[in-house]
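Structure assessment
Each chain, written out:
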Amino acid sequence: MEQENRAIRYLSIARKAGSLQLGEEDTGIAVRGGKAKLVLLAFDASDNARRRAEGFVYGRKMPLVRLPYTKEEISFATGKGGCSMLAVTDIGLASSFLSALAQQDPERYAETAQALELKREKANKRKAEAAAHRRNVKTGKRRTTK
């Protein structure tokens, strides 16, 4: 039960952090804008919602995950009623959420969680390299030639 609560708490955290797009329209905008890192679909979402979500992620390197939570549970966690589709726009929160889900149901979510963790590590590495570059430009460090 604690694992289940831990996973759904990440949705609340993402909502408070402004890293969660709720509803079909906002999810579509986030995906088309390249901001979404993970698209989530409620367990009891309609077939039309599933097809629309599949259409959003089609041709993009972005996972679409069917959640073990109903619309009601997602609505309670996020504070928005009747929401069956979500997009997480922060790679760290998306990775943490899927890791918590993978601990809950490894068979179903472990592979996707691992792939998202690799994306998170690459993003952190790029961020660190960009910060080092800015620092080097600021302090005047030059390349050495051999």
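Preceding this paragraph is the structure being described.
Right, let's walk through the structure included here. Keep in mind the model is a prediction, meaning the values are calculated, not measured.

A word on the overall build of the protein. Scanning the protein for helices and strands turns up 6 helices and 4 strands. Going from N to C terminus, the protein has its helices and strands arranged as α-β-α-β-α-β-α-β-α-α. Counting only C-alpha atoms, the protein reaches 60 × 35 × 25 Å along its principal axes. Counting over 146 residues, the protein shows a buried share of 36%. Carbon and sulfur atoms provide 49% of the accessible area of the protein, an area that totals close to 9300 Å². Taking the average place of the 29 positive charges on the side chains of the protein and the average place of its 17 negative ones, the gap between the two points comes to 14 Å.

Looking now at the pairing of strand β4 (residues 85-88). Residues Met-85 and Ala-87 line one face of β4 and the alternating positions Leu-86 and Val-88 line the opposite face, and both faces are buried. The pairing of strand β1 (residues 20-22) with β4 spans 3 bridges and is antiparallel. Paired with Leu-20 across the two strands is Val-88, which belongs to β4. Relative to β4, strand β2 (residues 38-41) is paired through 4 bridges, and the arrangement is antiparallel. In the sheet register, Leu-41 faces β4, and the bridge partner there is Met-85.

What follows covers the side chain of Thr-27. With respect to the secondary-structure elements, Thr-27 resides in helix α2 (residues 24-32). In this structure Thr-27 touches Gln-21, Leu-22, Val-39, Phe-56, Met-85, Leu-86 and Ala-87, once residues within four positions along its chain are discounted.

Here the focus is the pattern of salt bridges. Going through the model one piece at a time under the given rule, you end up with 4 salt bridges. Between Glu-24 and Arg-52 there is a salt bridge; the shortest N-O distance is 2.6 Å. Linking Glu-24 in helix α2 with Arg-52 in helix α3 (residues 47-57), this pair joins segments that are 28 residues apart in sequence. Linking Asp-47 and Arg-50 is a salt bridge whose minimum nitrogen-to-oxygen distance equals 4.0 Å. Remark: Arg-50 and Asp-47 occur in helix α3; sequence separation between them is 3 residues, near one turn of the helix. By relative accessible area, Asp-47 is classed as partly exposed at 49%. Residues joined by salt bridges that share partners form a network here, namely Asp-47, Arg-50 and Glu-54.

Calculation notes
- Residues numbered from 1 in each chain as written.
- Predicted model: local features only at pLDDT ≥ 70, side-chain atom pairs only at ≥ 80, totals over all residues.
- Heavy atoms only, no water.
- Helix = DSSP H or I, 4+ residues; strand = E, 2+ residues; numbered from the N terminus.
- Buried < 20%, exposed > 50% of the residue type's maximum accessible area, 1.4 Å probe, protein only.
- Areas by Shrake-Rupley, 256 points an atom, 1.4 Å probe, with all protein chains shown as cover.
- Lys, Arg positive; Asp, Glu negative; His and termini not counted.
- Charge placed at Lys NZ, Arg CZ, Asp CG, Glu CD.
- Pairing = 2+ DSSP bridges.
- Contact = heavy atoms within 4.5 Å.
- Salt bridge = Lys/Arg side-chain N within 4 Å of Asp/Glu carboxyl O.

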